[in-house]
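A look at the structure
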Amino acid sequence: MLLRSCWKSRHKNSSGSASCWIRPGLAALLWLCVTQLACGSGAMGETKNVIQKDAEFDVTYNDTVTSENQTIYAFNHTVSRNKTEGVHVSVDVLSQGLESPILFVVRQKQAVLSFQVPLILRGLYQRKYPYNHVGRTLCQPPTRAASETQYFFVDVSTLSSQGTNYQLRVSRVESFTLQTDKKFSFTASPSQPQYFKYIFPDGVDTVIVKVNSDMNFPCSVISIQDIQCPVYDLDNNVAFIGMYQTITKKGAITVQRKDFPSNSFYVVVVVKTEDEACGGPLRFYPLRPDELIDAGNRSKVLDVMVSPAINSTVYVTGMLFCLGIFFSFYLLTFLVACLENKRMNKKRDVFQNPADMSPAETASLLGKNGDGKTPASPYEYGSFADNGSTLSSEAITDSATSTDNNYGYMERSLDSVGRSRQESLSSVEEDDYDTLDDINSDKNIVRTKKFLCVSDLARKDKRILSKKYQIYFWNIATIAVFYALPVIQLVITYQTVVNVTGNQDICYYNFLCAHPLGALSAFNNILSNVGYVMLGLLFLLIVLKRDIVHNRALVRNDVNALECGIPKHFGLFYAMGTALMMEGLLSACYHVCPNYTNFQFDTSFMYMIAGLCMLKLYQKRHPDINASAYTAYACLAAVIFFSVLGVVFGKGNMVFWIVFSVIHILATLLLSTQLYYMGRWRFDSGILRRILYVIYTDCIRQCSGPMYIDRMVLLVMGNIVNWSLAAYGLIERPNDFASYLLAIAICNLLLYFAFYIIMKLRSGERIQCLALVCILFTAVVWGFALYFFFQGLSTWQKTPAESREHNRDCILLSFFDDHDIWHFLSSIAMFGSFLVLLTMDDDLDTVQRDKIYVF
């Protein structure tokens with residue numbers, strides 16, 4: 001019955017019906033009549049006038065629609081297999097205060113698109129934004145024929161009993177297909193999204209889609225979708241399929257041919273209803289749930305350009321360049337080792353045949369006063385002559401030089417030393433030397449002398465200390481395994497999520513220079529970390545060689561190895577090399593998907609490296625009293641713990657910054673006390689009483705200067721630096737807490753290193769040529785490295801869209817960006833810094849330890 005009503009209505013209200021029913025639109029019209037069975041008016045037995053019009057492109061139709069009539073606009077156009085032409089439908093509602101929206105249904109050969117006007121788009125907290133002007137691009141179904149005429153219909157209906165005026169215009173999109181390396185400008189809004197088609201040209205497997213705008217806001221989304229219908233081009237569905245990212249001024253997505261079987265894809269640009277996702281302000285919370293909010297003008301002008309990405313030749317060139325740089329260090333190290341071996345052989349010949357050279361040449365080759373000793377330090381006959389302390393200078397001198405004292409410096413025959421090294425390491429423990437009361441008393445005397453020599457702090461058995469410092473290496477190796485395995489698992493999961501969901505806001509890449517390889521989105525950022533691993537391994541090999549040479553010298557009872565120079569303990573060096581390799585591995589893991597939740601992967605072993613370097617500097621002249629591996633790693637674990645807390649809770653949290661600053665200052669004071677008194681103090685219930693007593697005796701009763709002036713200078717400077725950093729953090733509260741914490745560690749390391757170098761030169765020691773070259777080279781490389789580090793190509797302190805504003809193109813071989821160069825240079829600089837620590841005291845290898853001063 002209803003079908004007959006539809007037929008009569010159609011026959012009565014349209015002219016030329018016979019010719020119209022012959023057209024291919026017959027099936028569509030019959031389908032429309034059948035669907036009226038589901039309409040409310042049909043259910044009530046009401047008839048609805050259906051008006052069909054032959055419509056043309058680029059013509060504006062002004063009509064009125066009510067609940068009693070429905071209008072159908074019939075269009076036809078020719079579709080070519082070799083040419084893609086877009087069709088754009090634009091609708092304006094002229095009436096205000098509508099009780100019901102107008103429904104537009106576009107029926108195509110293989111797709112249906114429907115939307116209402118006013119179009120209601122939702123924001124956060126269910127805010128509703130109405131749009132009276134709506135423009136949509138029709139999805140173009142593919143055709144196999146060379147040329148085909150296709151029909152589509154635009155149905156207009158409403159449930160409103162009042163007449164509603166509207167305007168309808170359908171036009172062709174001439175620039176629907178994007179051209180390679182050609183910029184195209186367009187305007188988009190939340191209700192008028194835009195999308196375009198791109199076809200991969202022959203010989204191009206990867207392209208970069210770049211979208212730019214001069215406007216920060218409104219916030220936009222760029223999406224890459226396969227050629228299929230429907231196209232998801234609204235704010236509430238653009239994230240359903242494909243790859244997408246939010247943008248403000250700049251965005252880029254790398255697209256690979258293998259991901260699109262049709263060798264083509266859509267570039268969809270959507271303007272969001274709100275700017276919160278791009279770091280913009282939030283609107284007020286709606287007072288009434290159904291209240292409509294005027295969104296204002298949210299049109300945005302954008303440019304899109306598709307450019308070919310790099311080919312496989314550039315990948316191979318980049319990898320060979322990266323490996324070649326670091327293999328050159330292996331070659332250079334080999335050449336230096338050969339030259340050093342040749343010099344040592346020549347020096348050995350001099351000792352065996354001294355008659356072949358003049359005395360001057362012999363003295364010059366030995367690099368000393370001709371007798372194998374360094375020139376006397378100005379301190380040796382100056383201020384160091386009065387070897388006083390808090391006790392009587394006579395008692396201290398006797399204790400320090402007596403050969404009868406059980407803890408004093410004892411002359412041992414080379415035979416006895418050689419025999420002792422053959423004993424089992426497991427038969428001796430460090431505690432065997434530190435538990436007796438008389439030894440504790442002697443330590444209090446020796447370590448509180450006003451001027452100390454290395455011999456005063458190198459009295460424990462070498463086997464014990466060697467075993468103690470080897471624990472550093474085994475502990476960090478264990479930490480590395482347990483830390484790295486879950487990290488690798490997590491970043492693989494991150495990359496999988498990015499690949500599956502297509503959400504490129506998860507990871508903070510430099511999208512303008514992010515070259516994918518396999519499942520990895522930014523292979524170049526991962527590859528550039530290989531320098532840390534290769535140079536860390538090279539450093540371990542260098543340390544191993546030195547360790548072997550030193551052990552051979554001990555076996556043959558070489559007096560220089562036994563009783564001269566800075567005591568050789570290589571455990572910390574092994575730990576440093578391992579930490580450098582782990583830094584490379586974890587930095588690579590971080591760059592698989594860099595974001596604020598896994599930034600600690602990139603910094604954890606930086607804290608380790610800074611801490612181990614400071615410990616090694618201190619160990620050089622304080623081997624007996626350096627911190628144990630367990631204490632050191634426990635402190636570093638506390639630092640990493642605070643780093644995680646700062647990243648999670650520190651952003652703008654005043655309470656956290658107050659607590660951290662207090663802990664920072666207290667830790668600085670405790671460490672200063674420990675260093676000043678060489679560990680000879682106790683933290684117990686009487687600490688306050690002793691502090692007051694020292695203040696009374698040294699500041700009130702008599703004004704006396706500090707006993708250890710050099711140490712006091714270092715510690716005062718260290719406290720000034722740390723208190724200043726604590727004040728800066730409390731006032732500014734930087735968002736990047738992990739980098740702030742790393743800056744504290746680096747500042748303290750540089751301060752201690754500078755103090756060490758100054759005191760070394762002030763004590764009359766010299767820096768050999770190799771160490772001096774390493775220092776100068778490392779300083780220059782660090783300078784260039786920091787320049788590239790502060791370029792800031794991305795930052796997870798901002799939203800992903802704001803971070804992309806800092807993205808820049810590749811600058812080296814079209815493959816590496818500024819941050820990759822930072823990886824190259826910083827790995828070289830760290831390697832050079834390690835070499836400085838390894839070689840800076842080589843000039844003391846033939847100097848008796850009672851002639852080497854502690855500072």
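See the structure shown above.
Model, not experiment: these values are computed from the prediction.

**A short note on the side chain of Gln225**
- Relative to the helices and strands, Gln225 is located in strand S15 (residues 220–226).
- We classify Gln225 as buried; its relative accessible area is 1%.
- Polar side-chain contacts of Gln225 include one of 3.2 Å to the side chain of Ser223.
- Once residues within four sequence positions are removed from consideration, Gln225 is found in contact with Val231, Tyr232, Val238, Ile241, Phe260, Phe265, Tyr266 and Val268.

**Description of the pairing of strand S5 (residues 102–107)**
- Buried residues dominate S5, accounting for five of its six residues.
- Note: S5 against strand S6 (residues 112–117), six bridges, orientation antiparallel. Bridge pairing links Phe104 to Phe115 in S6.
- From the end of S5 to the start of S6, which pair antiparallel, there are four residues.

**Section: the pairing of strand S19 (residues 300–308)**
- When strand S12 (residues 184–188) meets S19, the two strands line up antiparallel, connected through five bridges. Across the sheet, the residue bridging to Ala188 is Lys300, located in S19.
- Summarising the sheet, strand S14 (residues 206–212) and S19 pair through six bridges and their orientation is antiparallel. Following the sheet pairing, Ile208 is matched in S19 by Ser307.

**Things to note about the nonpolar core**
- Counting 112 residues, the largest nonpolar core has Tyr472, Phe539, Phe605, Leu612, Tyr633 and Phe660 as the members making the most contacts within it.
- With residues up to four places along the chain from it excluded, the contact list for Phe660 reads Phe642, Phe737, Tyr740, Leu741 and Ile744.
- Grouped together as the second largest cluster of nonpolar side chains are 31 residues, Tyr73, Val91, Tyr166 and Leu234 included.

**Description of the pattern of salt bridges**
- Within this structure, the stated rule accounts for 19 salt bridges.
- One salt bridge connects Arg804 with Asp505, and the closest N-O pair in it is separated by 2.4 Å. With Arg804 in helix H22 (residues 800–804) and Asp505 in the loop between helix H10 (462–501) and helix H11 (523–527), the pair connects residues that are 299 residues apart, well separated along the chain.
- Here Arg804 falls in the buried class, since its relative accessible area comes to 1%.
- With a closest N to O distance of 2.8 Å, Arg546 and Asp842 form a salt bridge. Placement of the pair is Arg546 in helix H12 (residues 530–555) and Asp842 in the segment after helix H23 (818–839), with a sequence separation of 296 residues.
- Here Asp842 falls in the buried class, since its relative accessible area comes to 14%.

**A few points about the environment of Ala111**
- Tracing the sequence through the fold places Ala111 in the loop between S5 and S6.
- Judged by its relative accessible area of 13%, Ala111 falls in the buried class.
- For the pair Ala111 and Pro230, spaced 119 residues apart in sequence, the C-alpha separation works out to 6.9 Å.
- Ignoring any residue separated from it by four or fewer positions in sequence, one finds Ala111 in contact with Val106 and Cys229.

**Digging into the state of the cysteines**
- For the structure shown, the criterion picks out four disulfides.
- What pairs with Cys219 in a disulfide is Cys278, and their sulfur atoms sit 1.8 Å apart. Measuring handedness by torsion sign, the sulfur bridge of Cys219 and Cys278 sits at about 50° and is right-handed. With Cys219 in the loop between S14 and S15 and Cys278 in the loop between strand S18 (264–271) and S19, this residue pair connects regions lying 59 residues apart in the sequence.
- Relative accessible area serves as the criterion here: at 0%, Cys278 is assigned to the buried category.
- Each sulfur of the disulfide joining Cys507 and Cys593 lies 1.8 Å from the other. Around the S-S axis, the bridge from Cys507 to Cys593 shows a dihedral of about -90° and counts as left-handed. With Cys507 in the loop between H10 and H11 and Cys593 in the loop between helix H14 (571–592) and helix H15 (599–621), this pair connects stretches of sequence that are 86 residues apart. Considered together, Cys507 and Cys593 belong to a single accessibility category, that of buried residues.
- Listing the disulfide partners of the protein by sequence rank of the bonded cysteines yields 1-3, 2-4, 5-7, 6-8.

**Here we look at the packing of aromatic side chains**
- Scanning all chains against the criterion turns up 53 aromatic pairs.
- Ring centres 5.9 Å apart and planes at 50° place the aromatic pair Phe327 and Tyr330 in the tilted group. With Phe327 and Tyr330 both in helix H5 (residues 312–352), this residue pair falls three residues apart, about one helical turn.
- On the basis of relative accessibility, which here comes to 21%, the residue Tyr330 falls in the partly exposed class.
- Summarising the aromatic geometry, the rings of Phe789 and Trp822 are spaced 4.7 Å apart at their centres and angled 50° between planes, so their arrangement reads as tilted. Residue Phe789 is found in helix H21 (residues 769–789), and its partner Trp822 is found in helix H23; the two are separated by 33 residues along the sequence.

**Digging into the sheet that holds strand S1 (residues 49–54)**
- Read from one edge of the open sheet, five strands run S1-S3-S10-S5-S6, paired in mixed fashion. Of all the strands in the sheet, just S1 and S6 have a single pairing partner and so form its edges. Taking each pair of neighbouring strands and ignoring which way they run, the sheet shows an average axis angle of 20°.
- Note that strand S3 (residues 69–80) and strand S10 (residues 147–158) share ten bridges and pair antiparallel. Paired with Ser80 across the bridge in S10 is Ser147.

**Some remarks on empty space enclosed by the protein**
- Under the definition given, this model contains seven cavities of 30 Å³ or more.
- Quantified by volume, the largest cavity comes out at close to 150 Å³.
- Ile566, Lys568, Phe573, Lys620 and Leu838 are the residues nearest the centre of the largest cavity, which is lined by 14 residues in total.
- Partitioned by chemical class, the residues of the lining of the largest cavity number five nonpolar, two polar and seven charged.
- Estimates place the volume of the second largest cavity at around 90 Å³.
- Tyr618, Leu675, Arg711, Leu714 and Phe855 are, among the ten residues lining the second largest cavity, the residues nearest its centre.
- Where the lining of the second largest cavity is concerned, the elements lending two or more residues are helix H19 (709–732) and helix H20 (737–762).
- Among the elements that make up the lining of the second largest cavity, the one with the highest residue count is H19 (three residues).

**Structural notes on the sheet that holds strand S2 (residues 60–65)**
- Ordered in space as S2-S11-S4-S9, the four strands form an open sheet in which the pairing is antiparallel. Taken across any chain shown, the strands that pair with only one partner, and hence form the sheet edges, are S2 and strand S9 (133–137). Here the strands of the sheet are splayed against their neighbours by 20° on average, with no regard to which way each runs.
- The sheet contact formed by strand S4 (residues 86–93) and strand S11 (residues 164–173) spans eight bridges and is antiparallel. Across the sheet, residue Val87 finds its bridge partner in S11, namely Arg172.

**Remarks on the side chain of Ser100**
- Within the secondary structure layout, Ser100 lies in the loop between S4 and S5.
- Overall, the relative accessible area of 18% leaves Ser100 in the buried class.
- Beyond its immediate chain neighbours, meaning those up to four positions away, Ser100 contacts Thr158, Leu159 and Ser160.

**A closer look at helix H17 (residues 654–676)**
- Helix length check: H17 (23 residues) gives 33 Å between terminal C-alpha atoms against 33 Å at 1.5 Å per residue, within 8%.
- Three or more residues of H17 are buried, namely Phe656, Trp657, Phe660, Ser661, His664, Thr668, Ser672 and Tyr676.
- Turning to H17, the residues buried within the fold contact helix H16 (629–649), H19 and H20.
- The opening residue of H17 is Asn653, an N-cap whose side-chain oxygen sits 3.2 Å from the backbone nitrogen of Val655.

**Some remarks on H16**
- Helix length check: H16, at 21 residues, gives a terminal C-alpha distance of 30 Å against a target of 30 Å (1.5 Å per residue), a fit within 8%.
- Among the residues of H16, those classed as buried are Ala629, Ala632, Tyr633, Leu636, Ile640, Phe642, Ser643, Gly646 and Val647.
- Packed against the buried residues of H16 are H10, H14, H15, H17 and H20.

What counts and what doesn't
The numbers attached to residues start from 1 for each chain and follow its sequence in the written order. The model is predicted, so local features are restricted to residues of pLDDT at least 70 and side-chain atom pairs to those at 80 or more, both for listing and for counting; the totals for chains, interfaces and linings are taken over all residues. The side-chain numbers reported here are obtained from all heavy atoms of the structure, hydrogens and water having been left aside. Strands are runs of DSSP state E lasting at least two residues, helices are runs of H or I lasting at least four, and both sets are numbered from the N terminus onward. Relative accessible area decides the class of each residue, using a 1.4 Å probe on protein chains only: under 20% of the type maximum gives buried, over 50% gives exposed, and in between gives partly exposed. What qualifies as a polar contact is a pair of N or O atoms within 3.5 Å, subject to a donor-acceptor requirement within protein and to the restriction that residues adjacent in sequence count only when both atoms come from side chains. We call two residues in contact when some of their heavy atoms are within 4.5 Å. Two strands qualify as a pair provided that DSSP identifies no fewer than 2 bridges between them. Definition used in this section: a nonpolar core is a set of buried Ala, Val, Leu, Ile, Met, Phe, Trp, Tyr and Cys residues joined via side-chain atoms within 4.5 Å. The working definition used for a salt bridge is a side-chain nitrogen of Lys or Arg within 4 Å of a carboxyl oxygen of Asp or Glu. Any cysteine sulfur atom paired with another within 2.5 Å is treated as part of a disulfide. Two aromatic rings, drawn from Phe, Tyr or Trp (for Trp, its six-membered ring), form a pair once their centres lie within 6.5 Å of each other, and the interplanar angle then sorts them: stacked below 30 degrees, edge-to-face above 60, tilted otherwise. Angular values range over 0 to 180 degrees, each being the angle between N-to-C directions of two axes fitted as lines to C-alpha atoms, with helices fitted over their stretch in contact. Using only the protein atoms, space was sampled on a 1 Å grid; points where a 1.4 Å probe fits but cannot get out form cavities, open sets with protein on both sides within 12 Å along at least five of seven lines form pockets, and lining residues are those with an atom within 4 Å of a point. Grid points are joined across faces, edges and corners, and a volume is the space filled by probe spheres set on the points. Amino acids outside the nonpolar list (Ala, Val, Leu, Ile, Met, Phe, Trp, Tyr, Cys, Pro) and the charged list (Asp, Glu, Lys, Arg) are all regarded as polar, and Gly is one of them. For a helix, the expected span equals 1.5 Å multiplied by the number of residues minus one.

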